[in-house]
Amino acid sequence: VFDAMRIAYKERTIEHPNKPAKYWLVGGVIMHFLGAGVWGFIHTLPQVNKWTHGTQITPAHGHIAFYGAYAMLIIAVIYYALPRIHFNRDELDVRRGLWSFWIITIGVAGMVLALTGASVLQVFMERIGGLPFITVQDYMWFFYVLRFIFGVFTAIGVIIFFTDVISPKEARAAQ
């Protein structure tokens, strides 16, 4: 697989001009692999699932798998098709497209890592330690604050994305 990727990268003859669409598409493959492949596979192993079922690992897996499989693919299609349909151009503003990609992706990854950390704490305290659910929630506040911070980060990236996609044609011509 890695040899095929190296050959495809080094020996390519056509360079695609739409950098944001390319980033969103490749990022979607990577995030979907992590979400469904890594988090999903580990989460569904019977030896692990008996401890993690219903903990914060479930929304962590859901966030990253959905983001990679659906959200990033849809945004890649938007960045590929929208400029051609509405603006008769090959790409939108590359800077805003890449900023939105990195900010949203870092935000979602941060939320997933915060939820995964909360899940580890929850498994040890609730499932292994036998503490009640409500008691354990008091100890997970740090991870919930991190999730909120990265959620705000994600929302900022979404605002940048919508600004890039919805901004009028005249504003694009001035850039």
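Refer to the structure printed above.
Calculation notes
- Residues numbered from 1 in each chain as written.
- Predicted model: local features only at pLDDT ≥ 70, side-chain atom pairs only at ≥ 80, totals over all residues.
- Heavy atoms only, no water.
- Helix = DSSP H or I, 4+ residues; strand = E, 2+ residues; numbered from the N terminus.
- Buried < 20%, exposed > 50% of the residue type's maximum accessible area, 1.4 Å probe, protein only.
- Contact = heavy atoms within 4.5 Å.
- Core = buried A, V, L, I, M, F, W, Y, C linked by side-chain atoms within 4.5 Å.
- Salt bridge = Lys/Arg side-chain N within 4 Å of Asp/Glu carboxyl O.
- Polar contact = N/O pair within 3.5 Å; in protein donor to acceptor, adjacent residues only side chain to side chain.
- 1 Å grid on protein atoms, 1.4 Å probe; cavity = no way out; pocket = protein on both sides within 12 Å on 5 of 7 lines; lining within 4 Å.
- Points joined across faces, edges and corners; volume = space filled by probe spheres on them.

**Details of the overall build of the protein chain**
Across its full length, the protein chain holds eight helices and zero strands. Traced from its N-terminal end to its C-terminal end, the protein chain shows the element sequence α-α-α-α-α-α-α-α. Per-residue burial for the protein chain yields a buried fraction of 37% across its 175 residues. In the protein chain, the share of contacts with a sequence separation of at least 24, taken over all contacts with a separation of at least 6, comes to 78%.

**Considering the nonpolar core**
Grouped together as the largest cluster of nonpolar side chains are 22 residues, with contacts concentrated most on Trp24 and Tyr67. Elements supplying a minimum of two residues to this core: α2 (19–44), α4 (57–87), α5 (94–128) and α7 (141–166). Here this core takes 10 residues from α4, the largest share from any one element. In this view, tyrosine 67 contacts Trp24, Met31, Met72, Phe101, Ile104, Thr105 and Val108; residues no more than four positions away in its chain are not counted.

**Overview of the pattern of salt bridges**
Across all of its chains, the model carries two salt bridges by this definition. In this structure, the salt-bridge partner of aspartate 164 is arginine 96, at a minimum N-O distance of 3.6 Å. Highlighted residues: aspartate 164 in helix α7 and arginine 96 in helix α5, separated in sequence by 68 residues. Take aspartate 164 and arginine 96: they sit in the same class, and that class is buried. Put simply, arginine 127 and glutamate 126 hold a salt bridge, and the shortest N to O gap is 3.7 Å. Accessibility expressed as a relative area gives 15% for glutamate 126, which makes it buried.

**As for the environment of histidine 61**
Note on placement: histidine 61 falls in helix α4. With a relative accessible area of 22%, histidine 61 lands in the partly exposed category. It is 9.6 Å that separates the C-alpha atoms of histidine 61 and glycine 37, two residues lying 24 residues apart in sequence. Among all residues touching histidine 61, those that are not within four sequence positions of it are Gly35, Ala36, Trp39 and Gly40. Engagement of the side chain of histidine 61 in a polar contact is seen with the backbone nitrogen of glycine 40, the distance being 3.4 Å.

**Looking at the layout of surface pockets**
Here the second largest pocket defines a volume of roughly 170 Å³. The wall of the second largest pocket is formed by Val38, Trp39, Ile42, His43, Val48, Thr52, Ile57, Thr116, Ser119, Val120, Val123 and Phe124. Of all the elements in the fold, those that place two or more residues in the lining of the second largest pocket are α2, α3 (46–52) and α5. In terms of residue count, α5 provides more of the lining of the second largest pocket than any other element does, five residues in total.

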